[in-house]
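# Descriptive analysis of the structure
Chain by chain, the residues:
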2 protein chains.
Amino acid sequence: MRKEAEIFEEYLKTKKLNLTKERKAILNQVFATNGHLEADEIFLRLKKDKKDVSRATVYRTLGLLVDSGLVRKVYLGEDHIHYEHTHGHTHHDHLVCIKCGKVIEFSDKKIEKLQALVCQESGFKELSHTVQIFGYCKDCKE
Amino acid sequence: MRKEAEIFEEYLKTKKLNLTKERKAILNQVFATNGHLEADEIFLRLKKDKKDVSRATVYRTLGLLVDSGLVRKVYLGEDHIHYEHTHGHTHHDHLVCIKCGKVIEFSDKKIEKLQALVCQESGFKELSHTVQIFGYCKDCKE
DNA sequence: CCCTTTTTGAGATTTAGTCTCAATCTAAAC
DNA sequence: GTTTAGATTGAGACTAAATCTCAAAAAGGG
């Protein structure tokens, strides 16, 4: 499996863009985290690591990462978007506990297949999808 | 089937709140629209109808409607939330065309069943869910 | 009518995200 | 190594969604 940085660089080349040290730092930060994180978290972690990058660049780079297919946006019921990398592991979706905030990942091939079927029936070309199930987790449902 | 206003009023009573004319106007506006709409649209439509209600009240009431289960939030890939009523028709989810912005509703009982199964396996008590499939619609996929 | 609680609106505030623009960097061309 | 055009960045202004504050108004129960 190729490294993310390589894939990203390749993608950037097709747009005549370069893999700068800022973009690399953001990429590393996203791939260093398992699961979802928000734009501002990336900004703050980079600041802590003394790899300062402006907020504007964080958002701009996240946009590029999403376009490249390495990262996706996920909506977890909050008023801002989360990001998570998609490369190097199978697709998953989320159970979100509305009490404790815990996010549980799940993946189900059968659901994916049925979704593909729905798209086919509508003549729709799927690029991505997200499923969120909101409710109470095991510990909170008493 | 009971009317929405009745259900809402009942819900409000359990919280010792009243169904005021402002809340009723917002409820009517939401149920007058098929499909999704955004908070500001409700605010503007009410203004046009000379049933002025402040933005604060629109947001507050939408929160109550969501809590009551009559309305749900949907994320359609934009930077703000959409709302749609859930009462009086079967559950559906969305195909979102990332080119023309069209939103196609679909519903699939088999997918729902599998989702319920996933929840059961995790000991998760589902309250709601949303599925979004992003891609190109029939007319945009060429 | 009185009192308490609920409700509202106007506008301030917060927060996520985008935009602007001048300064800097890069890479290729000479 | 210079030049030059285009890419890139950061700081902070800006925008837009959503929330909060607080005083005034309305409602409900005695």
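None of these values were measured; they are calculated from a predicted model. Every residue gets a number counted from 1 within its own chain, in the order that chain's sequence is written. Chain letters and ligand numbers both follow the written order, the letters beginning at A and the numbers at 1. It should be noted that, the model being predicted, local features are given only for residues of pLDDT at least 70 and side-chain atom pairs only at 80 or more, the latter also being counted only at that level, while totals for whole chains, interfaces and linings use all residues. Derived side-chain values reflect all non-hydrogen atoms in the structure, with water molecules and hydrogen atoms excluded from consideration.

Bringing the relation of the copies chain A and chain B into the picture now. Of the transformation superimposing chain A on chain B, the axial component is 0.0 Å and the angular component is 179°, with the fit at an RMSD of 0.2 Å. On the angle and the small slide along the axis, the relation comes out as a two-fold axis. Residues of chain A ranked by C-alpha distance from the rotation axis are headed by valine 131 of chain A, positioned 2.2 Å from it. In this description, contact between two residues means that some pair of their heavy atoms is separated by no more than 4.5 Å. When the interface residues of chain A are mapped onto chain B, 100% of them again lie at the interface, so the same face is used by both copies. Superposing the copies works by least squares over the C-alpha atoms of residues that have pLDDT at least 70 in both of them.

Now for the sheet that holds strand E3 (residues 82–85) of chain B. The criterion for strand pairing is that DSSP finds at least two bridges linking the strands in question. Helix and strand definitions follow DSSP, with helices as H or I runs of at least four residues and strands as E runs of at least two, each counted in order from the N terminus. Spatially, the three strands line up as an open sheet ordered E1-E3-E2 (chain B), and their pairing is antiparallel. Edge strands, defined here as strands with exactly one partner in the open sheet, are strand E1 (37–38) and strand E2 (71–74) of chain B.

Moving on to the protein's contact with DNA strand C. The cutoff for a nearby residue is simple: one of its non-hydrogen atoms must lie within 4 Å of the molecule or strand. In the region of DNA strand C, 16 residues are neighbours, and Leu17, Asn18, Thr20, Arg23 and Thr57 of chain B sit closest. Looking at DNA strand C alone, sugar and phosphate atoms form 73% of those within 4 Å of the protein. We define a polar contact as two N or O atoms separated by no more than 3.5 Å, with the added condition that, inside protein, one atom must be a possible hydrogen donor and the other a possible acceptor, whereas residues neighbouring each other in sequence contribute only through side-chain atom pairs. Contact distances for DNA strand C include 2.5 Å between a phosphate oxygen and a side-chain N or O atom of threonine 20 of chain B. At 3.0 Å from a base nitrogen of DNA strand C is found a side-chain nitrogen or oxygen belonging to arginine 60 of chain B. Those elements giving two or more residues to the surface near DNA strand C turn out to be helix H4 (55–68) of chain A together with helix H2 (21–32) and helix H4 (55–68) of chain B. Think of it as three bins: nonpolar holds Ala, Val, Leu, Ile, Met, Phe, Trp, Tyr, Cys and Pro, charged holds Asp, Glu, Lys and Arg, and polar takes everything else, Gly as well. Of the residues contributing to the surface near DNA strand C, the split by class is six nonpolar, five polar and five charged.

What follows deals with the protein's contact with DNA strand D. The full set close to DNA strand D counts 17 residues, and Leu17, Asn18, Thr20, Arg23 and Thr57 of chain A are the nearest of them. Tyrosine 59 of chain B is positioned such that a nitrogen or oxygen atom in its side chain is 2.9 Å from a phosphate oxygen of DNA strand D. Those elements that place two or more of their residues in the surface near DNA strand D are helix H2 (21–32) and H4 of chain A together with H4 of chain B. By residue class, the composition of the surface near DNA strand D is six nonpolar, five polar and six charged.

Function cannot be read off these values alone, since they describe shape.
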